[in-house]
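Working through the structure, step by step
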Amino acid sequence: MSEVQNMPVSIIPDVTRLPETIKFSTQYHLGWEFNDFMFPTVLDNKDEIARLTDVYQSHDMPRVRSLHGAFLDVTVHSSDARIREVSDLRINQSIAAAQALSCGKVIFHSGSIPNFHDKAYCDDWVKKNAAYWTAKTQQYPGIDLLMENMFDMTPDLLLRLGEELNGVSCFGICLDFAHATVFGEGEYSADEFVKTLAPYVRHIHLNDCDLRHDLHLPIGDGLINWDRFAKLYAEQMKGASMLIEVKELEGQKRSLDFLLELFTRHGITL
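Since we're looking at a predicted model, the values are computed, not measured. (Residues numbered from 1 in each chain as written. Predicted model: local features only at pLDDT ≥ 70, side-chain atom pairs only at ≥ 80, totals over all residues. Heavy atoms only, no water.)

Turning our attention to the sheet that holds strand E2 (residues 31–34). The parallel closed barrel is built from 8 strands, whose spatial order is E1-E2-E3-E4-E5-E6-E7-E8. Sheet twist, expressed as the average angle between the axes of neighbouring strands with direction ignored, equals 30 degrees. Sheet topology note: the strand E4 (residues 105–109)/strand E5 (residues 144–148) ladder contains 5 bridges and is parallel. By the bridge assignment for E5, Phe108 is matched with Met147. Contacts from helix H1 (residues 18–27) reach strand E1 (9–11) and E2 within the one sheet, and its direction differs from that of E2 by about 140 degrees. (Pairing = 2+ DSSP bridges. Helix = DSSP H or I, 4+ residues; strand = E, 2+ residues; numbered from the N terminus. Axes fitted to C-alpha atoms, helices over the stretch in contact; angles between N-to-C directions. Contact = heavy atoms within 4.5 Å.)

The next thing to look at is the pairing of E5. With 5 of its 5 residues buried, E5 lies for the most part within the structure. What you see with E5 is no split at all: Asp144, Leu146 and Glu148 on one side and Leu145 and Met147 on the other are buried throughout. With helix H5 (residues 119–139) bridging E4 and its parallel neighbour E5, the resulting β-α-β unit is right-handed. Two strands pair when backbone bridges link them, and E5 and strand E6 (residues 171–176) are joined in this way by 4 bridges, in the parallel orientation. Residue pairing across strands places Met147 opposite Ile173, the latter belonging to E6. The parallel pair E5 and E6 is bridged by helix H6 (residues 156–164), and the resulting crossover is right-handed. (Buried < 20%, exposed > 50% of the residue type's maximum accessible area, 1.4 Å probe, protein only. Right-handed = clockwise from strand over helix to strand, strands pointing away.)

Counted under the stated rule, the structure contains 1 cavity of 30 Å³ or more. Volume-wise, the largest cavity comes out at about 30 Å³. The residue makeup of the lining of the largest cavity, split by class, is 4 nonpolar, 5 polar and no charged. (1 Å grid on protein atoms, 1.4 Å probe; cavity = no way out; pocket = protein on both sides within 12 Å on 5 of 7 lines; lining within 4 Å. Points joined across faces, edges and corners; volume = space filled by probe spheres on them. Nonpolar A, V, L, I, M, F, W, Y, C, P; charged D, E, K, R; others polar.)

Overall, the coordinates contain 14 salt bridges when judged by the stated rule. With its nearest N and O atoms 2.6 Å apart, the salt bridge here joins Lys119 to Asp123. Separated by 4 residues within a single helix, Lys119 and Asp123 lie in helix H5, roughly one turn from each other. Look at Lys119 and you get exposed, because its relative accessible area is 61%. Close ionic contact of Arg254 with Asp221 constitutes a salt bridge, the shortest N to O distance being 2.3 Å. With a gap of 33 residues between them, Arg254 in helix H10 (residues 249–265) and Asp221 in the loop between strand E7 (201–206) and helix H9 (226–237) connect regions that are remote in the sequence. (Salt bridge = Lys/Arg side-chain N within 4 Å of Asp/Glu carboxyl O.)

The tally for this structure, following the rule as stated, stands at 13 aromatic pairs. A ring pair is formed by Phe34 and Tyr56, whose centres lie 4.7 Å apart and whose planes are at 70 degrees; its orientation type is edge-to-face. Here Phe34 is found in strand E2, whereas its partner Tyr56 is found in helix H3 (residues 46–57), with 22 residues between them in sequence. Tyr56 carries the same exposure label as Phe34, and that label is buried. Note on Phe116 and Tyr121: the rings are 5.0 Å apart at their centroids and 50 degrees apart in plane angle, and the pair reads as tilted. Among the residues examined, Tyr121 registers a relative accessible area of 16% and is labelled buried. Through a chain of ring-to-ring contacts, the aromatic side chains of Phe177, Trp226, Phe229, Tyr233 and Phe263 assemble into a single cluster. The side chain of Lys253 reaches across the aromatic face of Phe24, ending 5.9 Å from its centre. (Phe/Tyr/Trp six-rings, centres within 6.5 Å; stacked < 30°, edge-to-face > 60°. Lys NZ or Arg CZ within 6 Å of the ring centre and 35° of its normal.)

In helix packing, the relevant descriptors are the interaxial angle and the interaxial distance, both defined with respect to the helix axes. Axis separation between helix H4 (residues 81–100) and H5 bottoms out at 13 Å; the angle between their running directions is 35 degrees. In the crossing of H4 with H5, the sense of the turn from one axis to the other is right-handed. Here Arg84, Asp88, Ile91, Asn92 and Ile95 of H4 lie close against H5, whose contacting residues are Lys128, Tyr132, Trp133, Lys136 and Gln139. Among the residues making up the contact of H4 with H5, the classes are represented as 4 nonpolar, 2 polar and 4 charged. (Left-handed = near helix turned anticlockwise from the far one by under 90°.)

Our focus in this paragraph is the side chain of Arg90. Residue position: Arg90 is located in helix H4. According to the relative accessible area criterion, Arg90 is buried, its value standing at 13%. Side-chain polar atoms of Arg90 contact the side chain of Asp44, separated by 2.7 Å. Discounting residues that sit within four places of it in the chain, Arg90 has contacts with Pro40, Leu43, Asp44, Ala70 and Val74. (Polar contact = N/O pair within 3.5 Å; in protein donor to acceptor, adjacent residues only side chain to side chain.)

Spelled out as structure tokens, the structure:
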């Protein structure tokens, strides 16, 4: 691997292997995206949050940092006020963790029900999410709040949300290319997700899979057409930051090696 200055690529830091993670990320100028604070068992444990935060803060972290927020059962568009209340709590807890670690971005999931295309439901999802995230960006100015496609079978809801919040500078879309590949329905391939959402994409999650399951394999170890991704990135999303969403350090290294060779072959300068 050749070194690249100011590479717009991040990895997931491993709190149990921080010296190795720091060495790798420093050598290749990689950012970090924390995955430690997305789970209710952590968010409800103030001592564990403090411990993790202290461990990270005691080390030399990279300048570029983001955080994956809570996503399991988080539905700010729920018709149940109690569920909306808990969802808001989890989101606020995630953002608080991000602020403690000086993160510039926090990523959340769409939380929509897949394969449920009822017009009333879709309209309500857009209305409630637009109102919620507009207010949330006002509550937490200076930090980007990004919505990621998860089980979304089409990009339609995220497109409508992006259009509604087009003037909100701290809101954007996080495109998970593997999610779009696995869960895209019919004509809605990963290509269509990219082409549809590109104006709003600020961040991209990358990992590989067998085209059927969300496996989080190292990039190049599965069946995703990465030459196609490189072309789409250059044409539609150039400038968006990327996360190698692979947990193991060895897989992160293989993934970065693959990405650098891929982008060099396609003449893409990072």
